[in-house]
Every structure is written in structure tokens, then in C-alpha cells.
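# Residue-level structure breakdown
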Amino acid sequence: MSAPQLVVHRDKELMAQAAAARLITRIVDAQAARGSASVVLTGGRNGNGLLAALGSAPARDAVDWSRLDLWWGDERYLPDGDPERNVTQAREALLDRVPLDPARVHAMPASDGPYGDDVEAAAAAYAEELAAAAGPGDGGVPAFDVLMLGVGPDTHVASLFPELPAVHETERTVVGVRGAPKPPPVRISLTLPAIRAAREVWLLAAGEDKAKAAAIALSGAGELQAPAAGARGRSRTLWLLDSAAASELPRSLYPPATA
Ligand SMILES: O=C(O)[C@H](O)[C@@H](O)[C@H](O)[C@H](O)COP(=O)(O)O
């Protein structure tokens, strides 16, 4: 697992714009190398802010949108089209404005779909979809080029909350979550093993309310108490912060350029 790298931007708007530019380049490089790219989106304000910034980025259409696989790190288990669903918000922020191949947009199941209120069955179905897309030796999930995660003030990532059952999962790649402290309570989430299968994991943390979470997660806390600490990529773990979210980091962790 890669040690975390940090980049601190002036404010959350610039962080979103810079992260969007970074994502465009990463996708373009993956498509040039392998003919397609695979990205995991996150819900939340920072994730949606990045998508909105990407939509208005000058280089937006350097991406071949028809050869991009999109997955989700977590989803609120609500009816299809519910405004609180991460996929609904992603569509509004960007996805409905770019020519994606609908067959390559892998939304997590909705609560009014075939699994009804059986969120574990819905999670198992998504795990099967991931496994079907995985390559030999990928371990049940595709080798995502970039997996993005917003970071909660309590250090949660996806719907993995400190000390709750889902963060303890070591075998399954996708689980159902009930009783999530962040509403809505019922969710579907990738697990840490699935997150750690990604080539690169990018954690997005902007705002004063993330300062403590970033400091805890980056100062050696365990992943059960601080799930963000367990979100590591196989070849890269990148924390994208704004100055407010970085304000409580130990000086030793500050990137040299911002010392
Ligand atoms: O479904 C969700 O709510 C998100 O996936 C969640 O993990 C989010 O990324 C963090 O809570 C940060 O959210 P903000 O960026 O809005 O602070």
C-alpha cells in the first residue's frame, strides 16, 4: 500500500477545479494506455463539486466519455431518482451533460428495484457486477484507475463509519449498511478491501469541518477508528485538501511547497 501524498489548495473551489483537471489527465492517460478507464465516484459536496468543475473544465472533452466505466464507492439506499441518491446528484452535476455509454455507468441498486428492502442482497448484486468486470487476478473488483472518496468529519469514507460493522469487513467487496450516522441510515458501500484494490485512491477533504478528520487519519490512527486511514491505493494514495481542511495537520505532514 502506498503512503499518502498530500496536495493543499487555497480553497475548496480551487481544490475542485484542480482535482477535476487532475482527473481529466488521469483518465486521458489510462485511455491512451489501455483504451478505456475506470473511475469510482463519491457522493458528498466535495465529490459533486469536483464533477461540476469537471463539466466546465476547458479540457473536459479530451476524455473519451464513451470509453469510461463509472462505479460508485457508496450509495444511499433510496428509490431510483431520489434527489438524495449519489447517482442522481452526479447526473445533475455532470453525467447528464457528457456522452457516456449508459452500459458503462454502474449505479448501485435502488430501494425500489428488484431487491426491495433487502439491502444486503442489493449489495451482493453489485459485488457480482464488480466481479464480472474484474480481470483475472484482480480479486473480485476491476483495477480502478482512480477511486475517489469524500471524507466525513468523523473520518468516514464511502459509508464506512468508525467502529461500525462495515469497516470491519475483510472478505466481501460490497456490503449493506444500516444505522449509518450520516442520513439516510440505509446504504450500500464498497469495503476497505475493495477500496484498496484501486490503483489510485484520492481522498477529497475541503472545509474547516474536515480539519480534525484529516489530522486524525493522517497521524497514524487505525482504520477501525478512522476509516479514512485505511483508504490506500495500490500505487498511489492522494489527499486533496484545501487550506482549511489542512489547518490542523502536524507541520511535518505539510507538503514542502506549503511549508
Ligand atoms: O454518500 C455519502 O454521503 C458520501 O459518499 C460520503 O462518504 C461523503 O463523501 C462524505 O460524507 C463527505 O461528504 P461532504 O463532501 O459533503 O462533506
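Keep in mind the model is a prediction, meaning the values are calculated, not measured. (Residues numbered from 1 in each chain as written. Predicted model: local features only at pLDDT ≥ 70, side-chain atom pairs only at ≥ 80, totals over all residues. Heavy atoms only, no water.)

## Quick word on the overall build of the protein
Scanning the protein from N- to C-terminus turns up seven helices and nine strands. Over its C-alpha atoms the protein spans a radius of gyration of 17 Å, differing by no more than 12% from the 18 Å that the globule rule assigns to 259 residues. With the principal axes as the frame, the protein shows a C-alpha extent of 50 × 40 × 35 Å. Each of the 259 residues in the protein was classed as buried or not, and the buried ones make up 54%. Within the structure as shown, the protein displays about 10,500 Å² of accessible surface, and the carbon and sulfur contribution to it stands at 54%. (Helix = DSSP H or I, 4+ residues; strand = E, 2+ residues; numbered from the N terminus. Rg over C-alpha atoms; globule rule 2.2 N^0.38 Å. Buried < 20%, exposed > 50% of the residue type's maximum accessible area, 1.4 Å probe, protein only. Areas by Shrake-Rupley, 256 points an atom, 1.4 Å probe, with all protein chains shown as cover.)

## As for the packing of aromatic side chains
Summed over all chains, the structure comprises two aromatic pairs. Measuring from ring centre to ring centre gives 5.8 Å for Trp71 and Tyr126, while their planes differ by 75°; the resulting arrangement is edge-to-face. Here Tyr126 lies in helix α4 (residues 119–133) and Trp71 lies in strand β3 (residues 68–72), a separation of 55 residues in the sequence. Across this residue pair, the class does not change: Trp71 and Tyr126 are buried. Connected via pairs of aromatic rings, a cluster forms that spans Trp71, Tyr126 and Phe144. (Phe/Tyr/Trp six-rings, centres within 6.5 Å; stacked < 30°, edge-to-face > 60°.)

## Quick look at the site of the ligand
Within the structure, the ligand sits among 15 residues, and Arg45, Asp74, His156, Ala158 and Lys210 are positioned closest to it. With respect to the ligand, the side chain of Asp74 contributes an N or O atom lying 2.7 Å from an oxygen atom. When residues of the shell around the ligand are traced back to their parent elements, those giving at least two are α2 (45–55) and β4 (74–76). Looking at the shell around the ligand residue by residue, the class counts come to two nonpolar, seven polar and six charged. (Near = heavy atom within 4 Å. Polar contact = N/O pair within 3.5 Å; in protein donor to acceptor, adjacent residues only side chain to side chain. Nonpolar A, V, L, I, M, F, W, Y, C, P; charged D, E, K, R; others polar.)

## Quick notes on the UniProt feature "domain: Glucosamine/galactosamine-6-phosphate isomerase" (unreviewed entry) in the protein
In this numbering, the UniProt entry assigns the feature "domain: Glucosamine/galactosamine-6-phosphate isomerase" (unreviewed entry) to residues 11–239. Counted over residues 11–239, helix gives 31% and strand 16%. Its end C-alpha atoms are 14 Å apart. (UniProt positions renumbered as here; feature names shortened; annotations may be inferred.)

## A look at the confidence of the model for the protein
Predicted coordinates in regions of low pLDDT should not be interpreted in detail. Across the protein, the average pLDDT comes to 96, with 99% of residues at 70 or higher. Two numbers describe this predicted complex: its pTM, 0.97, and its ipTM, 0.98. (pLDDT = per-residue confidence, 0-100.)

## Concerning the pattern of salt bridges
Tallied over the full model, the rule gives 17 salt bridges. Here Asp209 ties to Arg45 by a salt bridge, and the two come within 3.4 Å at their closest N and O atoms. Of this pair, Asp209 sits in the loop between β8 (200–205) and α7 (211–217) while Arg45 sits in helix α2; the two residues are 164 residues apart in sequence, bridging distant segments of the chain. Note that Asp145 and Arg199 form a salt bridge whose closest N and O atoms lie 3.3 Å from each other. Here the residue Asp145 occupies a position in the loop between α4 and β5 (146–150), and Arg199 occupies one in the loop between α6 (192–195) and β8, the gap between them amounting to 54 residues. You can call Asp145 buried: its relative accessible area is 1%. Given the relative accessible area of 23%, Arg199 is considered partly exposed. (Salt bridge = Lys/Arg side-chain N within 4 Å of Asp/Glu carboxyl O.)

## Quick notes on the packing of α2 against helix α3 (residues 86–93)
Between α2 and α3, whose axes approach to 8 Å, the crossing angle comes to 25°. Between α2 and α3, the interaxial angle falls into the category roughly parallel. Classified by chirality, the crossing of α3 by α2 is right-handed. Taken together, the residues of α3 that come into contact with α2 (itself represented by Asn48, Leu51 and Ala52) are Gln89, Ala90 and Ala93. When its residues are assigned to classes, the contact of α2 with α3 shows four nonpolar, two polar and no charged. (Axes fitted to C-alpha atoms, helices over the stretch in contact; angles between N-to-C directions. Parallel < 35°, antiparallel > 145°, perpendicular 65-115°, else oblique. Left-handed = near helix turned anticlockwise from the far one by under 90°. Contact = heavy atoms within 4.5 Å.)

## Structural notes on unusual backbone geometry
Note on backbone geometry: most residues besides glycine have negative phi, and most peptide bonds are trans. Of the consecutive residues Pro183 and Pro184, the connecting peptide bond is found in the cis state with omega at -5°. Structurally, the position occupied by Pro184 is in the loop between β6 (174–177) and β7 (187–190). Backbone geometry places Ala158, a non-glycine residue, at a positive phi of 50°. One can find Ala158 in the loop between β5 and α5 (165–168).

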